[in-house]
Every structure is written in C-alpha cells, then in structure tokens.
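So you can see what is in the structure, the chains are spelled out below.
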Amino acid sequence: MLYAIISEDVENSLPIRKTVRSQHLERVHALQNEGRLIIAGPHPAIDSNDPGEAGFTGSLIIAEFPDLETARAWADADPYVSAGVYKQVTVKPFKQVLP
C-alpha cells in the first residue's frame, strides 16, 4: 500500500537540512531504486523552485510500504528527524487515484 509521509520543518531549518541532506537523499534514492517511490520533495518557504535562504517548510514523500507500522518506522529513522529538521511527521495511508 502507498503511504504519505508529510513532514513539517522547524523554523530556520535550512542550515540543519544542509548538514544531513546527503544521508536523507540516500534513503529516498533507495526507495526509488526499489521501485517503491511515487514522489518526493520539499515544500519551498516562498513561491519559487529555488527558495535560496528562505529554505523549506517541510517535505512530502509518497511511497509503498508493507504496512503503516513499517512506513512510520522508516519515517522515524530519517536523518532529518534525528538532526532536528522536522518538528512533526505525519504518516498516513494514501490511495492514488490519478494518474
């Protein structure tokens, strides 16, 4: 089943994000290589694909996991969680209708 991992950043998270970005992306790329990733990316803090120093307000990952518990465990192990980038992470089932 698909699960949405919706993360909300702490204020001024950009410096922290930069320190662990490669580890975070490594895990997301692993999902992609396994054919389980539907979409992933951050939410820019301003209306721009490149927000610069404005940074990001959170992230969204939609991926396939065997169950909700596994999806939550994967999300909890994210380097952005342990580094303090995220102040809140919500994981919930997602039903893809389109495309």
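It should be emphasised that the depicted structure is a prediction, and the values quoted were computed from it without experimental measurement.

Parameters and conventions
- Residues numbered from 1 in each chain as written.
- Predicted model: local features only at pLDDT ≥ 70, side-chain atom pairs only at ≥ 80, totals over all residues.
- Heavy atoms only, no water.
- Buried < 20%, exposed > 50% of the residue type's maximum accessible area, 1.4 Å probe, protein only.
- Helix = DSSP H or I, 4+ residues; strand = E, 2+ residues; numbered from the N terminus.
- Pairing = 2+ DSSP bridges.
- Arc of directions from axis to C-beta.
- Contact = heavy atoms within 4.5 Å.

(A) The pairing of strand β1 (residues 2–9), seen in detail. Counting buried positions over the eight residues of β1 gives six, a clear majority of the element. Relative to strand β3 (residues 56–64), β1 runs antiparallel, the two being bridged by seven bridges. Bridge assignment links Ala 4 to a residue of β3, and that residue is Ile 62.

(B) A look at the environment of Gly 52. With respect to the helices and strands, Gly 52 occurs in the loop between β2 (37–44) and β3. Each C-alpha atom, one on Gly 52 and one on Leu 14, is 9.2 Å from the other, the two residues being 38 residues apart in sequence.

(C) Geometry of helix α2 (residues 68–76). Buried within α2 we find Ala 71, Trp 74 and Ala 75. For α2, the angular spread of the buried residues around the axis is 100°, confining them to a single face. Exposed and oriented more than 90 degrees from the buried face of α2 are Glu 69 and Asp 76. On its buried side, α2 packs onto β1, α1 (14–33), β3, α3 (79–83) and β4 (86–94).

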